[in-house]
Amino acid sequence: IFHSDDPDSRELNLVEILGEFRCEEWPREELGRKALQKKLEIFLKTFAAVKGPQQLFKHRTLLQMFVSFLSNPDSKLANLALSCVLRYKLPYLTPYAEHV
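The structure reproduced in this document is the subject of the present report.

What counts and how
Residues numbered from 1 in each chain as written. Predicted model: local features only at pLDDT ≥ 70, side-chain atom pairs only at ≥ 80, totals over all residues. Heavy atoms only, no water. Phe/Tyr/Trp six-rings, centres within 6.5 Å; stacked < 30°, edge-to-face > 60°. Axes fitted to C-alpha atoms, helices over the stretch in contact; angles between N-to-C directions. Helix = DSSP H or I, 4+ residues; strand = E, 2+ residues; numbered from the N terminus. Parallel < 35°, antiparallel > 145°, perpendicular 65-115°, else oblique. Left-handed = near helix turned anticlockwise from the far one by under 90°. Contact = heavy atoms within 4.5 Å. Nonpolar A, V, L, I, M, F, W, Y, C, P; charged D, E, K, R; others polar. Expected span 1.5 Å × (residues − 1). Buried < 20%, exposed > 50% of the residue type's maximum accessible area, 1.4 Å probe, protein only. Arc of directions from axis to C-beta. Core = buried A, V, L, I, M, F, W, Y, C linked by side-chain atoms within 4.5 Å.

Applying the stated criterion across every chain yields a total of 2 aromatic pairs. Feature note: the residues F47, F66 and Y88 constitute an aromatic cluster, connected by ring pairs.

Running from amino to carboxyl end, helix α3 (residues 33-48) crosses helix α5 (residues 75-86) at an angle of 25°, the nearest separation of the two axes being 8 Å. The orientation of α3 relative to α5 falls into the category roughly parallel. Note on packing geometry: the crossing formed by α3 with α5 is left-handed. Facing α3, whose interface residues are Q37, L40, E41, L44, K45, F47 and A48, α5 presents K76, L77, L80, A81, S83 and C84. Taken together, the residues of the contact of α3 with α5 sort by class into 8 nonpolar, 2 polar and 3 charged.

Compared with an ideal rise of 1.5 Å per residue, which puts 16 residues at 22 Å, α3 spans 22 Å between its outermost C-alpha atoms and is within 8% of the ideal. Buried residues of α3: Q37, E41, L44 and A48, and no others. Along the axis of α3, the buried residues cluster in a sector spanning 70°; they form a single face. Residues of α3 that are buried in the fold lie against α4 (59-69) and α5.

Core analysis: the largest hydrophobic core is formed by 13 residues, its most contacted members being L44, F66, C84, V85 and Y88. Where this core is concerned, the elements lending two or more residues are α3, α4 and α5. For this core, the element with the highest residue contribution is α5, accounting for 5 residues. Leaving out residues up to four positions away in the same chain, L44 has contacts with F66, F69, L77, L80, A81 and C84.

The following block contains the structure:
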């Protein structure tokens, strides 16, 4: 679920990528910032628990999204995103995974 006017969804071209899989949009006024942040935390925790995320549908898009969350000012979200990225076992990150 995303908004087409959201800068992150525009940057990642989610409208084109998700196409027919796109869910209905919701009015932003109905959901508060804390509720959205809590949902995002839950999604990131779920993806951080997945073993072998390369087997997921659109796994490259997911990796792009996780990397974009690394620069989030909220350290909790950034750490969860890092956990998701480390699950991909990228060769340039694996030597540093134990130090995180």
